[in-house]
Each structure stands twice: as C-alpha cells, then as structure tokens.
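Breakdown of the fold
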Amino acid sequence: MAFTRQDVDYIAKLARITLSDDEQKNFTRQLDSILEYVNKLNELDTDSVEPTAHILPVQNVFREDEVKPCADSKLAVEQSPELRDGLFIVPPVIE
Amino acid sequence: MEFEPVIGLEVHVQLNTKSKLFCSCATVFGAEPNTQVCPVCLGHPGVLPVMNRKALEYAVLCGLALNCSISRFSKFDRKNYFYPDLPKNYQVSQFDKPFCYNGFVTIHVDGKDKRIGVTRAHLEEDAGKLLHSDAGAGSGVDFNRTGIPLLEIVSEPDISSPEEAYAYLTALKSIIGYLDISDCNMEEGSLRCDANVSIRPKGQKEFGVKAEIKNMNSFRGVLKAVSYEIDRQTEVLLCGGKVVQETRLWDADKNMTFSMRSKEEAHDYRYFPEPDLVPVVLTEANIEEIRKYLPELPSARMKRFVMDYGITEYDAEVLTGDKKLADYYEDCTRLFNDYKSISNWIQSELLRELNDRKLPVTASSVCPKKLTDMLRLIQNGTISGKIAKTVFAQMFETGKDADTIIKEKGLVQISDPDELKKIIADVIDSNGSIVDDYKGGKEKSFMFLVGQVMKATKGKANPQVVNQMLKDAIG
Amino acid sequence: MDIFNQTACQLIKMLQSKEITSRQLVESVIDRIGAVDSKINAFVYVDNTAALEKADEIDARRANGEPLGALAGIPVALKDNLLYCRRPVTCASNILKGYYSSYNATVVEKLIGADAVIIGVANMDEFAMGSSCETSCYGPSRNPWNQDCITGGSSGGSAAAVAADETILALGSDTGGSIRQPSALCGVVGMKPTYGRVSRYGLVAFASSLDQIGPITKSVADNALLLQVISGYDHRDSTSINEDVPDYSASLGESIKGLKIGIPKEYFLYGMDSDIETATKKAIETFQQLGAQPVEISLPYTEYAIATYYIIATAEASANLARFDGVRYGNRAKDADNLIDMYCKTKSQGFGAEVKRRILLGTYVLSSGYYDAYYKKAQKVRTLIRDDFSKAFQKVDCIVAPTSPTSAFKIGEKIDDPLTMYLSDIFTISLNLAGLPGISIPCGFSKDSLPIGLQIIGKPFDESTILRAAYAFEQNTVFHTQKPNLV
C-alpha cells in the first residue's frame, strides 16, 4: 500500500493547501516512509482492545444555560482581514 | 411500469436555549450581525467548548417524545469540511453515538395512522449565515447563528408520498411545539428540512438512486418539491434514463429542483471523536428525571378531546395540532359547555382572523372569556348566529367584548312579536305571488319570505320567531 | 552575584526582605536579554515597558504592605502559543503574524493573579510541531551551551531563556515531549503535568488529547512553585480535572527512602547515546544511595508509541489547524480569485513545511477508507500503552528513564529527515499518550559538555512524588549549579 502522488494531491485538496512541485515530491516520499513506519502497528492484534478517545475518566461536564455578554467580542471581531457593515467579507464562493 | 416513491427527511431544529451550545453567547434572532459572538464561537485559537446542559435535556426530551431509545453513552465528533460560515472548519456533531435513536412519529393520512421511523436525533452546532452579494464582490458572513444548538432528526425512508412528508413535518412540529424546545419557524430558519427522494418499481425491495433536495423554506415547499422530484425521476426512468445521486436545490419561484452540480467533490468528512468534550453518560434515573418534563403530547390530547368534549377526530386534530390553540380551547371549555360550538367558532372565525393577520393564538385579542361570553349571548337568544359573526369580527378588531359592541351598534336580536308584526305584514303584502307559490307547495318560497324579513330588520330579527309568525300569518 | 541568575525561590526571599526591588530584578533580566538574546534567539518579543510598569506596581504595593501573590515581581516568559489579551501571539507561524489575543488564557490569568511579571514571549517550533525549535518562522533558538546546537523543542525558546538566565521562570507546552526534551537539552527543569491538571483554555491547540501546559524552571523548587500557580480546575476546559491541588512545595524535602523506582527495560533497547546511558545509570545509582529502591519493569508497547502518537497527534492537528483560513483573523493571501483559492493560498503561504506535512498526514489517516486502519488502530494501541503504565505503577511509585536518546544535535542536522526527528521523541511520547506527569531534570553532561536530562514519570495526578524524587536528586547532585558560559 504505497503512498502516491495522487494520495498527496487528494489530501492536499481536502486540507485546502496548495503544494509546489517540490513539496509535492518531498511530501510524497516523506509521508510514504512515515506511513511505512506507522504500519508497524499492524503487528499488533487489537481486536479485543477498546480505543481510547479520552485518557481521563471524566464525563458529563456541563455549563448552565446562561447568557454571559462577552467583553472580548469586539476585540475578536476586529481581527477580521476584511469587515464591512459588521460582516466578515470573503472572496466569492464559487461552487 | 408503476413506480413508488421512497422518501426520508432530515430535519434540523434550532433549540430555543438562551445561550449557545458551547459558549455563553445569546441566541436571539435578528440581532445586528456579529454582535452575539465571542472568541469561542468565532473559533479563535485556544478556545474550548463547554456543553450547555439545557441543550442535552431538550435533546433527550425530544427523543422521548419521538419514542426514541436514549443512549446511555454518547459523545461528540468533529465533522471536517471547509466553509466560511463554519468558524473552526469543523462542526461539532455526533457521528456514531447520537443522544437518541430508533424512534417513530405517528402520522394520520387518509384516515389511517402510519408510523414513520426516526433513525436518530443528534445534537450539533449550527453554522453562521453566508450572505451572498452580487457582482463578485464577495460574500459576507454573520456568525450570530454559529453555535446555536441544532437537533438533527433523521427519519427512516418510510415516507411514501409528498402528503405523508407534509404530515410528518406537521406532526413533528406539533410535538416539538408541545415540548416548547424550538420556535420551529421555517422562515426564520429555526426549522430546516432536507429530503432524500428516490423511486422504485412497485414491489421492488431495493431502493432506487436518491437525490437530496435542499433549500425548501416552508412545509408546502417540501410538499411541492418532493412531488416535483418524484415526477422528474419518474420521467427520467420512463425515458430510459438513470437517476443520478446528487444534491438538488428547490427553487420556490420556478417550482422546480435544480442540480447543484460540481460541488459534489466527494465529501470526506473525516469524523473523529471531539477531544475537547467529554462523553455524556446517562443513567436510567437521569432519563426518568427528564421524562417528568414530558407534557401530554398531541396524539394523546386529541384522543382525550374526542372523549371529553365529544368533538370529531378531525376537529380534535386541528385543535391539538398547536399546543397553544389546544390550551385556548380547553380554557374555553371551562367557561362554557357547548364544546362543539366552541370548536366550530375557533376553527372558523378565530383561526381565519388569526391566519389573515399571521398571528399566533396567544396574540388573539379575543380571549377565551370574551369568546365564551359571546357564545352565551347566542345561546340565550340575545344575538343571532349570523349577527355573532359580525360581532366577533368587531371584537377581534377592537378588542372590545361582545356586550359593548352589541350595545354600541344596536345589534340586539328582535324577538318581540309586536315589533315584527308590521314588518311581516308588509312582506306578505308586497310578495303576493310568492306567498301563493308557497301555498301551492313550493317550500323554498318560504325561505325567501324569511329572508325578506331579515333584510328589512338588517338581520336582527330572531329567525325562530319570524318562522313561527310567518307560518301563522300565511296559514 | 547577579540578580538574573538566581532562582525564583531565592529571589522571592530577596524581594520580601527588600534586599532587591522588583524593578531591579526586571531591569537585570532585561539587561541580560539585551546582552545574550542575539546569540540565543529565545524571545519572539520582550515587553520591557509593560514589565517595568508591573514591577513598579508590585514594588509600590509591597511598600504599602499590601498582600501580594505567590510570584510577586518574578519575571515569567510565555511560550508563543499562550493567549495574553491584547498581546500578539503567533505560534511562531507566518499565518498568525499580526494577530493579537482577544482574551487571556487561564494560565495567564493565574500568573497575573499571582502578581507575576510577564516579561515576554518565547520562541517555539511552528504550532509546537517539532523537536528542535527549527520550524519557527523566527529562525531557530540556539542552545545556550553551544550555539551551533538546537535547543530541543517545541518549547525551545522557553527552555533556552531559562537556561541563559533571560527569564526566571517560563511556561511551555508539551504534546509529545515539548517541555521535557528542550529542558533536558538546555539543562533546566521542565515538567509536563498530568493531562487535566492545568487548564488548556487559551493554549493554541496542537493535539487536544495530548497537549498540556507546564513549568520550565532553574530548579525543582521553582518548578513546584510555578506548577502550584497554574494548576487547578477550570470550568472553561471540559477536560480539566476537578480535584484538589496538593501543596507541591510542602513535600519537597521529604525523604525518598523506600521509594520504588521503576526502570523500564525496553527503554534501554532502542539505542541511546552512550553518554546518556551512562548518565542515566549513574542517576539510578544516586537514587539507590538516597534509599530508593530500583525495580525493573516492562513497558512492552513502548516501541509502538511513536507510530501511535504521530497518527493521533496529526489527526487532531489537521482539524485544530483548519481554522487558520484567513476568514476571521490572521494573514489572508492577497491575490485570491475565489474562496477556495484564498484558503489554499493562505495556508500554503502561511504554514511552514513541517506544519503542512503533519496536516497532510493527519488528513490522510482520517480520510475515507483509512480511519479504521490508522486512527482507530492508534487509539486502540493507546489503550495498550496506557495499560502498560497502569500495570507498572502497581509495582512502583515512579519511573526513571532518559528524557532524550541524545543530547542536543547540530542545527540543520535532522531537519530534512522528519522520521528520524520523530524517533527522537521515543522516551517522552508515551507519557502524553497515557496522560501521565513527567519531569526532566539535569543529570549530567555529554562528552561535548552538553546537558543530559533525566526523566521521572509519575502516576496520574501524583506530581508531588516526582517533584520529591527530583528534588532529592537535585539536592544531592551538582549538575543544576552549572551555567552555560555566554558572555
């Protein structure tokens, strides 16, 4: 199951990253060797093992349904690269 | 060849919690853009979500009302995709452990009950609103809506006609209205519906290829879009074509669905467990605690209305469809004992006035007390049923009670024979030939004479008294 | 004797006895930064004005006899991935240049509450992805002991700043060794607390299930002091633990007689520099002389830790870093025709090679058809690794191992070979997967006179025991007293 240029292209597209030719070449090679290394996990029989999503035995953490005005909201909104009439402006969405 | 449709609905319901699902921002509809936001719901670096307890309770409550099993262990997952209305570029949702699963909604179509399965109901965060502008100047994003709790209710493909789809949505909205966990306003977007539609030759077990229909903004729109889509797919198949799996948008102006085209670069959402949130583990006791808040639901209430008030199933269904309307009806029944008459007046006059003005029943200027006071005036003969309609319209318009309007407008019914004697005599005199017709056995002529008396009294004459006096006079 | 090269515990006494003022202390540290940081590149920025103002405020309050916090007047450096309201934070990435925080991280709030003086922001690997501090957009920090060598990473700036006496205390973050490894390579004390001990609110996430903030200090006592300030439950972090925080300083001096110290036999199989092996074995002897009892233990799944880690960490990172898209904040590529073009250009211009590599790897292991083979498999092996430790801790009170298989290597030596770089995390990574606390303390020097670190690993939420063991070791050795010669 070798990792190919097509694989790199596909995930780069999913991750919304444009790669230069060099990057494409290097990443294909590097990810291939990393994945080959990572495949050593297949040596292990884990059929009866529960996956760990959380290392802590913590559950049921909630907050109450209360509105708290946020003092930092303006500061956060102001960071927008482009703000018009209170809206975050983005380039045209072409489907 | 005959085809049958297979329809499944995905309904998103915005829960009406005061604050958002994972932060303490307000959720009020219609606020100025980006004023109900904070670093958390804007997806700034370093922020973490903390779950709103009420949202969980609402989700479980809804699950119970939809006859679902409630998961003892649930968790959240990240659904990864890029869109500018999604601040983190992943949506916190539930993938394989939703809060509720395996339920059903009973619908009533063509006089028959049918169960529509509910596959699952899970909680997720809403996205913001992308406001497209023309002329390629880009789009604007408002994140006020981002992070409002959404309950996604997924039906089984049990729906087999556009009418059933409509009935399912109506039933769902009714139940959620009873729970008071959402405004369920499709125009404001607090209820959204996508439909998966496919058709197959009658009798075939396998499903056909489905299209996902989006962008419907009313229940009637869903009805029309699904009908259109069934027709479209039927035509494609009859012409020897193939239905393509795709997303189609409903255009309410053109009454058509359109393919979204290109966007379908195969979705690869890369779900994985949300590490920033911990699992939710519910015990039997937790669930029973929430069950206590389950009110009498529409179907039960309908049956009770038929039993307790002796009204028809149809009337009971109309009255119980909206909890507030049913409450209104029951308030009336405590004040007046002609339950059938109350039901008729609510369904004809009251609902018409409300619908004309697009008002909810809670905003009616005629309260149960005023309505039943008026009905009592009909019962005791003070006004006729016909005059009452005018009175009611005035009541609704002005907010005054029936008594006041009757007095102001002099609408009290004339039942005094002395007052009517002269008028009846005049009518007989000036309609000699018609009187003869009646005497000759033409029953209809009698009604004409009554009508003439009513006309002369501007409708105020008591019809029973007029009938009797006319009969006596003509002999 | 200079002020800047004292420990926090010493300085607190000097401040309390009015032997020095906070202003003198802060000035001394600022001067030191001015004198040596051009060689070390530990800081991304230093806020002299704010630091001096704060120092004056503390001095005034002290003069008035007002009550003061535990770190009153003590300079602390933040890693460049901790949010401090209205201050820049970049994660050493071009994509965030120009961005400033709109709120305070919980740890920053706690530092402010303890009257600490936040002196500046320390360099790091971009988005904490790296083991050498070479992936920073500001260029690598340089090891104070040999400026041709790396500091380790990702908290390289924090560790180097402490080692070079450019700050008294520093905070780092540790996802796979990012506090302990640079601490070892720079000859200072660094602790990764138990997952859940310190709130992650306001720490820019790399891998949410592994990240933890921790103290980097000149001494074990300082480490206990700073850990005390930053620990505790936070309602804003659902994964923070609502448990009492013990008094870490109180138990420091207690004897370690009878303490059972686990020696994981597998750790000596995977190849480490002979200097490291020698120093580690000597350290074990020292513990033995102090009355501790070494016990050989087995952590059989150790060899799978790196593979497991690089799947889980990159998967989480691929989602965590998706938000840097130029829409709401940060740098947006200028010349984009449409939205997708803007995303792609913003990310390819904004992220460095290592970050891209990890996002791609993480995207791949989660993508359709591979989830079970990679991500789910890794989560299962994570269970096995955690169970390894649980079993071991039935027999021992703590575990002793090297922090890093090598001492600091040359800048540029491994940067083009990511896998080799990843393999150097072998001794630190398992703790993050198991959520355990670990501390790295100086335990010797290589033949090239570069520091060597010893790692002490504890049971969950038992930072006290590893601090006590570390303190006992430190008090009976001289490694921590040695300073790099910088001027």
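Residues numbered from 1 in each chain as written. Chains lettered and ligands numbered in written order. Predicted model: local features only at pLDDT ≥ 70, side-chain atom pairs only at ≥ 80, totals over all residues. Heavy atoms only, no water.

This part takes up the overall build of chain B. The number of helices and strands found in chain B is 15 helices and 17 strands. Against the globule reference of 23 Å for 475 residues, chain B gives a C-alpha radius of gyration of 29 Å, more extended than a compact globule. Expressed as a percentage of the 475 residues in chain B, the buried residues total 53%. About 21,600 Å² of surface is accessible on chain B, with carbon and sulfur atoms providing 51% of the total. Chain B carries 61 positive and 68 negative side-chain charges, and their two centres are separated by 1 Å. (Helix = DSSP H or I, 4+ residues; strand = E, 2+ residues; numbered from the N terminus. Rg over C-alpha atoms; globule rule 2.2 N^0.38 Å. Buried < 20%, exposed > 50% of the residue type's maximum accessible area, 1.4 Å probe, protein only. Areas by Shrake-Rupley, 256 points an atom, 1.4 Å probe, with all protein chains shown as cover. Lys, Arg positive; Asp, Glu negative; His and termini not counted. Charge placed at Lys NZ, Arg CZ, Asp CG, Glu CD.)

What follows concerns the pattern of salt bridges. Counted according to the given criterion, the structure contains 63 salt bridges over all chains. Here Arg236 of chain C ties to Glu109 of chain C by a salt bridge, and the two come within 3.0 Å at their closest N and O atoms. Of this pair, Arg236 of chain C sits in the loop between α7 (220-230) and β7 (260-264) while Glu109 of chain C sits in helix α4 (residues 106-113), placing them 127 residues apart in sequence. Look at Arg236 of chain C and you get partly exposed, because its relative accessible area is 22%. Residue Arg358 of chain C pairs with Glu354 of chain C through a salt bridge whose shortest N-O separation is 2.6 Å. Here Arg358 of chain C and its partner Glu354 of chain C are both found in helix α11 (residues 353-366), four residues apart, which amounts to about one turn of the helix. Take Arg358 of chain C and Glu354 of chain C: they sit in the same class, and that class is buried. What you see here is one network of salt bridges that share partners, running through Glu296, Arg301, Arg304, Asp308, Lys323, Asp327 and Glu330 of chain B. (Salt bridge = Lys/Arg side-chain N within 4 Å of Asp/Glu carboxyl O.)

Moving on, we come to the interface of chain A and chain C. Of the residues lining the interface, 53 residues belong to chain A; the matching set on chain C comes to 66 residues. Between chain A and chain C, a total of about 5,500 Å² is buried, with carbon and sulfur atoms accounting for 69% of that surface. Across the contact surface, chain A and chain C share three salt bridges. Taking the shortest distance from any N to any O, the salt bridge between Glu303 of chain C and Lys40 of chain A comes out at 3.2 Å. Inspection of the region where chain A meets chain C yields 15 residue pairs in polar contact (both at pLDDT 80 or more). Residue assignment for the side of chain A that touches chain C shows that the elements contributing at least two residues are α1 (5-14), α2 (21-38), α3 (73-77) and β3 (87-90) of chain A. At nine residues, the largest contribution of residues to the side of chain A that touches chain C is made by α2 of chain A. For the side of chain A that touches chain C, the residue count by class is 34 nonpolar, nine polar and 10 charged. (Contact = heavy atoms within 4.5 Å. Buried area = accessible area lost by both parts, 1.4 Å probe. Polar contact = N/O pair within 3.5 Å; in protein donor to acceptor, adjacent residues only side chain to side chain. Nonpolar A, V, L, I, M, F, W, Y, C, P; charged D, E, K, R; others polar.)

Now for the packing of helix α7 (residues 323-333) of chain B against helix α9 (residues 368-379) of chain B. All names here are of chain B. Interaxial distance between α7 and α9 falls to 9 Å at its minimum, and their mutual angle equals 50 degrees. As the angle between them shows, α7 and α9 are arranged oblique. Viewed along their axes, α7 and α9 form a crossing whose handedness is right-handed. Residues Tyr328, Asp331 and Cys332 of α7 lie in contact with α9, whose contacting residues are Pro368, Leu371 and Thr372. Partitioning the contact of α7 with α9 into residue classes produces four nonpolar, one polar and one charged. (Axes fitted to C-alpha atoms, helices over the stretch in contact; angles between N-to-C directions. Parallel < 35°, antiparallel > 145°, perpendicular 65-115°, else oblique. Left-handed = near helix turned anticlockwise from the far one by under 90°.)

Here the structure, examined in full by the defined rule, presents 34 aromatic pairs over all chains. With a centroid separation of 5.3 Å and an interplanar angle of 50 degrees, the aromatic rings of Tyr99 of chain C and Tyr329 of chain C are classed as tilted. Taken together, the positions of Tyr99 of chain C in the loop between β2 (75-79) and α4 and Tyr329 of chain C in the loop between α9 (305-320) and α10 (339-350) put the pair 230 residues apart, joining distant regions of the chain. Here Tyr99 of chain C and Tyr329 of chain C have matching classes, each one buried. Three or more aromatic residues link up through ring pairs in this structure, and these residues are Tyr99, Phe127, Phe324, Tyr329 and Phe351 of chain C. One Lys or Arg, Lys471 of chain B, reaches over the ring of Phe446 of chain B and ends 5.4 Å from the middle of that ring. Stacked on the ring of Tyr84 of chain C, the Lys or Arg Arg87 of chain C has its end atom at 4.0 Å from the ring centre. (Phe/Tyr/Trp six-rings, centres within 6.5 Å; stacked < 30°, edge-to-face > 60°. Lys NZ or Arg CZ within 6 Å of the ring centre and 35° of its normal.)

All names here are of chain B. Checked against the element boundaries, Ile153 lands in strand β11 (residues 149-155). Along the chain, Ile153 and Ser93 lie 60 residues apart, while their C-alpha atoms are 13 Å from each other. Not counting residues up to four positions away in its chain, the partners in contact with Ile153 are Leu9, Glu10, Val11, Val13, Cys62, Leu66, Val118, Arg120, Ala121, Tyr168, Leu172 and Ile176.

Residue and element names in this part refer to chain B. Split into domains, chain B comes out as domain 1 (3-290), domain 2 (298-409) and domain 3 (417-474). Computed from C-alpha atoms alone, the centre-to-centre distance between domain 1 and domain 2 is 36 Å. Regarding the contact of domain 1 and domain 2, the summed buried area is about 600 Å², with carbon and sulfur atoms giving 56% of it. Interface area lost by domain 1 to domain 2 is led by His108, Ser174 and Tyr178, which between them contribute 83%. The interface formed by domain 1 and domain 2 includes zero salt bridges. At the junction of domain 1 with domain 2, the criterion picks out two residue pairs in polar contact (both at pLDDT 80 or more). Ranked by residues supplied to the side of domain 1 that touches domain 2, first place goes to helix α2 (residues 162-179) with four residues. Residue classes in the side of domain 1 that touches domain 2 are distributed as two nonpolar, three polar and no charged. (Domains from an automatic or database assignment.)

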